[in-house]
Amino acid sequence: MRVVATGGAGYIGRHTVLRLLRDGHDVLVIDDFSNASRDVIARLTEETGRRPQVLVADVRDVGACATAMARFRAESVIHFAGLKDVAASVQDPARYHAVNVGGVQGILDAMTRAGCETLVFSSSAAVYGAPQTLPIPEAHPLRPLSPYGETKRLAEQLVSGWARAAEGRRAVSLRYFNPAGAAPALIRPGDEAPGCDSLVARVSEVAAGLTAGIEIFGSDYDTPDGTGLRDFLHIDDLVAGHLAVLARIEGLAPGTALNLGSGGGATVLELLRCYERVSGCAVPHSLGARRAGDIPASWADTSAAQRLLGWRARHDLAEICASAWTAVTLAAPLQRSDRGMEYSNAIYAPSSSLPRSS
Ligand SMILES: NC(=O)c1ccc[n+]([C@@H]2O[C@H](COP(=O)([O-])OP(=O)(O)OC[C@H]3O[C@@H](n4cnc5c(N)ncnc54)[C@H](O)[C@@H]3O)[C@@H](O)[C@H]2O)c1
């Protein structure tokens, strides 16, 4: 298949491109490299022996994207490109709207011009807002709590409207829960922890001694240990979900939205304990106050993805932690003797903050 990956150099994009190339598909990456290194393309080529085509462009440059798609004879597009920092979206909602909603509009226009009719869109569990039911089904009301979530809700509407507007178009929005972990193949010494602003990546940095500790926001939620509970999904499972969608998209109603999550959850403290077991290193932390806008618990109802795609998550939390630990130790080789559980009761005086899930 001939697949365009916008944002294909980013965290989720590059893992998906790695798999597409390994599986023998042809790939065109469209990325402005605003949040990715150009080295990624060389690594993908080294690892697979196959070089993806690359267009360095903003996805809102409709002319450039359409021309490249047409030349590439694109059969499908996976639209990863976008901004994903929830807190930054509160600071600058207009920028998030311009890139995330404007970017989708640009890609849809380019696809129309290029005659490409199949789209997979990276959406987010942030579209749901505060869960009224758990696990969260796709039919749950969409009441995003952040400008970021609102951009994803609006973008899904555009995607769905485009798909329904002409015979033959196929489009699916995938609502990711909390992707985490990394493929060692793409890591080189000196890299940032992959998925650098995710909770698991932050925990990796603490375990590796690159950061002093981590503050947990809220320890009095109605969860097993009082800390927030989230649905962590191994990056390999997320990638497999995209491959499953591409394989089955003909049979899906245009504009379908599907959850991609593990279907279960772990609290922040459970994640830390699991990470400590897997890495053998302590994760110093402190318990702070709740943070405005955070929700107590969130996990996905994945029955629709299981039924329609034959997909479900295969990797557990320990495997997520193990892959993140492998990645961070490859990126920043440790002097193992310097690290260990001697820190396990360390009191961490926080100066940094946990990211919210996107
Ligand atoms: N990582 C998560 O936890 C998560 C969760 C839910 C949804 N998502 C969504 O998945 C998608 C991919 O996320 P990611 O974690 O890989 O993010 P990322 O920032 O690592 O990758 C995004 C890529 O898009 C590129 N990009 C950004 N704006 C662009 C533009 N205007 N034109 C061209 N390229 C542009 C960046 O250079 C980067 O390579 C995003 O749309 C994000 O909102 C991510």
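Conventions used here
- Residues numbered from 1 in each chain as written.
- Predicted model: local features only at pLDDT ≥ 70, side-chain atom pairs only at ≥ 80, totals over all residues.
- Domains from an automatic or database assignment.
- Contact = placed C-beta atoms within 7 Å.
- Helix = DSSP H or I, 4+ residues; strand = E, 2+ residues; numbered from the N terminus.
- Nonpolar A, V, L, I, M, F, W, Y, C, P; charged D, E, K, R; others polar.
- Axes fitted to C-alpha atoms, helices over the stretch in contact; angles between N-to-C directions.
- Parallel < 35°, antiparallel > 145°, perpendicular 65-115°, else oblique.
- Left-handed = near helix turned anticlockwise from the far one by under 90°.
- Near = placed C-beta within 6 Å.
- Pairing = 2+ DSSP bridges.

Q: Please provide a residue-by-residue account of the domain arrangement of the chain, values included.
A: Annotation of the chain at the domain level lists domain 1 (2-180 + 232-260) and domain 2 (184-230 + 265-297 + 315-343). A separation of 26 Å is found between the C-alpha centroids of domain 1 and domain 2. Each side of the interface is counted separately: domain 1 has 18 residues, and domain 2 has 20 residues. For the side of domain 1 that touches domain 2, the elements supplying multiple residues, two or more each, are α1 (11-22), α2 (39-48), β7 (178-180), β10 (232-234) and α8 (235-248). Of the residues belonging to the side of domain 1 that touches domain 2, the class tally is nine nonpolar, three polar and six charged.

Q: If you had to explain the packing of helix α7 (residues 199-207) against helix α11 (residues 317-331) to someone new, which residues and values would you point to?
A: Any two packed helices are characterised by the angle at which their axes cross and by the distance between the axes. Close contact between α7 and α11 brings their axes to 9 Å; oriented N to C, the two are set at 55°. It follows that α7 is oblique to α11 by the angle criterion. The chirality of how α7 crosses α11 is right-handed. Where α7 approaches α11, its residues V200, A201, S204, E205 and A207 are matched on the opposing element by I320, A324, W325 and V328. Split into classes, the residues belonging to the contact of α7 with α11 amount to seven nonpolar, one polar and one charged.

Q: So, the site of the ligand: which residues are in play, and what are the values?
A: Residues in close proximity to the ligand total 28 residues, the closest being G7, G10, A36, G82 and S122. Among the elements that take part in the shell around the ligand, α1 stands out by supplying three residues, more than any other. Per-class residue counts for the shell around the ligand are eleven nonpolar, 13 polar and four charged.

Q: Talk me through the sheet that holds strand β3 (residues 53-56); I want residue IDs and the actual numbers.
A: On the basis of which strands lie adjacent, the open sheet formed by seven strands has the order β3-β2-β1-β4-β5-β6-β11 and parallel pairing. The outermost strands of the open sheet, each flanked by one partner alone, are β3 and β11 (256-260). Looking at each pair of strands side by side, their axes are set apart by 20° on average, direction ignored. The sheet contacts of helix α3 (residues 62-72) involve β1 (2-6), β2 (26-31) and β3, and relative to β2 the element is tilted by about 175°. The strands that helix α6 (residues 147-164) touches are β5 (118-124), β6 (170-176) and β11; relative to β5, the one it contacts most, it runs at about 160°.

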